[in-house]
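Chains, contacts and geometry: an overview
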Amino acid sequence: MASEAPVPVADGQPRTSSLKLKRTLTQKCSAGGVTVTLQDMSFIVKNNRKGPDGKHSDLALVNKVSGWFEPGQMSALMGPSGSGKTTLLDVLAGRKTSGRIQGELRFSGVRPSAAYQRKHTGYVEQVGEGGEAVEQFDTLLPILTVREMLLYTAELKRPLGEPLADKKAAVDQLLDALALTRCAGVRIGSPEARGISGGQAKRTNIAIALITDPRVLFLDEPTTGLDSYTANEVMLTVQALARGGVTVVATIHSPTAFCFSLFDKLMMMASGRTVYFGAQDASAVSYFQRTCTSVLGQDVEALAGPGSNSAEFLVDIITEADRDGKGGALADAYAASDLAAANAAALAGHVAHFQNTTLPEDLSRELATKTATVTPFWWGIYIYAKYRTVRNYTNPAFVAPRVMDKLTISLLVMTLYLGIGDNLASDNLINISAVLFMWSATTGFVAAGYIPSLVLERGLFVRERNDGLYLAPTYLTAKLLDEIAINAVASLGIAAFTFYGIQLLNNFGLFYISYLVGVCVGISLAYFVASFAPNMDVANALLPIYAVTLMFFAGFLIRPAEMPPWWKWYMYIDFARYTWGACMINQFKNHNTPWINGQTVLEYYDLDGMDEWTFVGYAALFFLFFYICTATILTFKKYQLR
């Protein structure tokens, strides 16, 4: 472990020696660091307000911003609310999902691909302040402890060939560096199930971004919601990472004097434009003192309250000017300043340097990556099972809803039709057909219980996919296997309980498999609805409506021969028809006694001559269809408009 460095003094405020700089992170070599350059970067959206011509004009939330951020340094983006600093950070991190981006963004002279930004950069989302703890837990797994959450991320994001012991060591180092050791074994929990505190959840989110040793680290308000001591500790850890060669860019709001002193470079914005870009030192204060006096004609000392530090002083100046509608004047003053001219020349030098320089082989290879993930598909499924499935199966809140609904229905069905399955008298055939119909059709209704599993995890899914932990098909496959495994076991007992209780005939294996296939189709259907529904309310409304249509066209309530020709096609895309049909064929395939109008039961329901296992196969195709549709939606749908 590297020796602890003395704590610096900021703005004349001494720091106690108890706050130590921790250099325990695995760090990138500065020689292979990434320089981020941006030239005339703009982010443009449609203005919500209509212009005089009645049309929506373009609105630049970021307007022709230029600059550069170097490895080994911490750069701060500051400005009043609505200045465009978070928007710019999202543009740099490749997190924008709407609007239009203009300008040149390059990482060490190369346009970064989405795959590179997911795989080799880290991003810490802004989360709620103070008591607004809900958002802080949205991107974490409540069933895992803090240590498990970090190790789960490390096993998905760090190289597959890295020994597990090294990953565990990196996790332990981060836990120590971010003061999370005391809560390392505590489950994260949620606002409903108490676990770690909101501040600890915030630091866990930061640790997730740091565990992968990113080339570039983006942080959006990393100290919001933290007390000053913890905020300083967190930023000291980030500074240690920067000094190891990582490029750090952070939006920061109301930092402590000490925290502000850790930054090397400062970009201040107002109304989407740059009002200052340069060193974070006394020269920034001097610049604004001159600018406010000469351009705005204001007494800068009156804009900052007594005892304010330099960060508060600078933000107060820009906020006051922005509220008075003079933010544009500050941006114009910067654009015409000697500082802007010097920055333009330096930026041109950076761009020219990379045009004439061969990048280190490892960095060049990383920038050319075409895959957003570090580990393969099968590894993602294994890690999901290792951390999430195992924990789910020991969680009564997960297991009970997946068993009790089916057990309740089967208990109702079995007791209503107890012992009638082997009675093939004419007046009992309708009862047997009805019980098989209810047994098969209800799988569409119980599927509603699986919708929350996908809807409530959207924040987590978006964050983990954007971080390059896995691709959408990996996530979907792992979740489906999670559900199928527990249902395969539960359905076996439930099917046996129902089949032998009713005393149905012929092949129990077919009865069980057809039911399990129906359950699996129902799960994939629920995931499909959850993948495109905007919220739980819409999803919960759509699924029952569809399930009702399945009952109408399965062939029992309305026989195929009696369906209107303009609706008969729906019967063929009704998976309940195939699961019910398979059970009917299995039950009555050896019963050739005429029933109604001289027809046997199977002839009456247009099932004569059909093969039960073929029907099961047809039903299984619906699972595949819903899986493909869901995977496609999860891959391409933009769940967050930013």
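Given the structure is predicted, the values throughout are model-derived calculations rather than measurements. (Residues numbered from 1 in each chain as written. Predicted model: local features only at pLDDT ≥ 70, side-chain atom pairs only at ≥ 80, totals over all residues. Heavy atoms only, no water.)

A few words on the domain arrangement of the protein chain. Per the domain assignment, the segments making up the protein chain are domain 1 (17-46 + 59-326) and domain 2 (377-636). A separation of 47 Å is found between the C-alpha centroids of domain 1 and domain 2. With 22 residues of domain 1 at the contact, the number on the domain 2 side is 20 residues. A combined buried area of about 2100 Å² lies between domain 1 and domain 2, and 56% of that area is made up of carbon and sulfur atoms. The largest contributions to the domain 1 side of the interface with domain 2 come from R118, Y152 and L156, which together make up 29% of the buried area. Linking domain 1 to domain 2 there are three salt bridges. Here E155 ties to K386 by a salt bridge, and the two come within 2.8 Å at their closest N and O atoms. For the pair domain 1 and domain 2, the number of links is 10 residue pairs in polar contact (both at pLDDT 80 or more). Looking at side-chain class alone, the side of domain 1 that touches domain 2 contains 12 nonpolar, three polar and seven charged residues. (Domains from an automatic or database assignment. Contact = heavy atoms within 4.5 Å. Buried area = accessible area lost by both parts, 1.4 Å probe. Salt bridge = Lys/Arg side-chain N within 4 Å of Asp/Glu carboxyl O. Polar contact = N/O pair within 3.5 Å; in protein donor to acceptor, adjacent residues only side chain to side chain. Nonpolar A, V, L, I, M, F, W, Y, C, P; charged D, E, K, R; others polar.)

On to unusual backbone geometry, then. Backbone geometry places D40, a non-glycine residue, at a positive phi of 50°. As for its position among the elements, D40 is in strand β1 (residues 36-50). Exposure remark for D40: the relative accessible area of 43% places this residue in the partly exposed category. At K64, a position not held by glycine, the phi torsion is positive, near 50°. (Helix = DSSP H or I, 4+ residues; strand = E, 2+ residues; numbered from the N terminus. Buried < 20%, exposed > 50% of the residue type's maximum accessible area, 1.4 Å probe, protein only.)

Turning our eyes to something else, we now look at a nonpolar patch on the surface. Taken together, the side chains of F445, V548, F552, L557 and I558 define a hydrophobic patch exposed on the protein surface, amounting to about 390 Å² of accessible area. With respect to the helices, strands and loops of the structure, V548 is situated in helix α22 (residues 536-552). According to the relative accessible area criterion, V548 is partly exposed, its value standing at 35%. (Patch = residues over 30% accessible without salt bridge, like charges linked within 9 Å, V, L, I, M, F, W, Y side chains within 5 Å. Areas by Shrake-Rupley, 256 points an atom, 1.4 Å probe, with all protein chains shown as cover.)

The six strands are arranged β5-β6-β7-β3-β8-β9 in an open sheet whose pairing can be described as mixed. A single partner strand is all that each edge strand has here, and the edge strands are β5 (121-124) and β9 (273-279). For this sheet, the mean inter-axis angle between neighbouring strands, taken without regard to orientation, is 15°. Pairing between strand β8 (residues 265-270) and β9: six bridges, direction antiparallel. The residue bridging M267 from the neighbouring strand is F277, located in β9. Lying on the sheet, helix α11 (residues 327-335) is in contact with β8 and β9; it crosses β9 at an angle near 50°. (Pairing = 2+ DSSP bridges. Axes fitted to C-alpha atoms, helices over the stretch in contact; angles between N-to-C directions.)

Evaluation of the coordinates by the stated rule reveals zero disulfides. Not engaged in a disulfide, the cysteine C583 finds its nearest cysteine sulfur in C520; these two sulfurs lie 14 Å apart. Since its relative accessible area comes to 3%, C583 is described here as buried. (Disulfide = S-S within 2.5 Å.)

All right, on to the pairing of strand β7 (residues 247-251) then. Along β7, five of the five residues are buried, which leaves the element largely enclosed by surrounding structure. With burial as the criterion, each face of β7 is covered, one bearing T247, V249 and T251 and the other bearing V248 and A250. Bridge count between strand β3 (residues 74-78) and β7: four bridges; the pairing is parallel. Directly across from S75, in β7, lies its bridge partner V249. Bridging between strand β6 (residues 216-220) and β7 involves five bridges; their strand directions are parallel. Note on β7: the bridge partner recorded for F218 is V249. As a crossover connection, the stretch from β6 through helix α7 (residues 228-243) into β7 is right-handed. (Right-handed = clockwise from strand over helix to strand, strands pointing away.)

Our focus in this paragraph is helix α24 (residues 575-588). In a regular helix each residue adds 1.5 Å, so 14 residues correspond to 20 Å; α24 covers 20 Å between its end C-alpha atoms and thus fits that length. Here α24 lies mainly inside the structure; 14 of its 14 residues are buried. The residue sitting at the N-terminus of α24 and contributing the capping side-chain oxygen is D574; that oxygen lies 2.9 Å from the backbone nitrogen of A576. (Expected span 1.5 Å × (residues − 1).)

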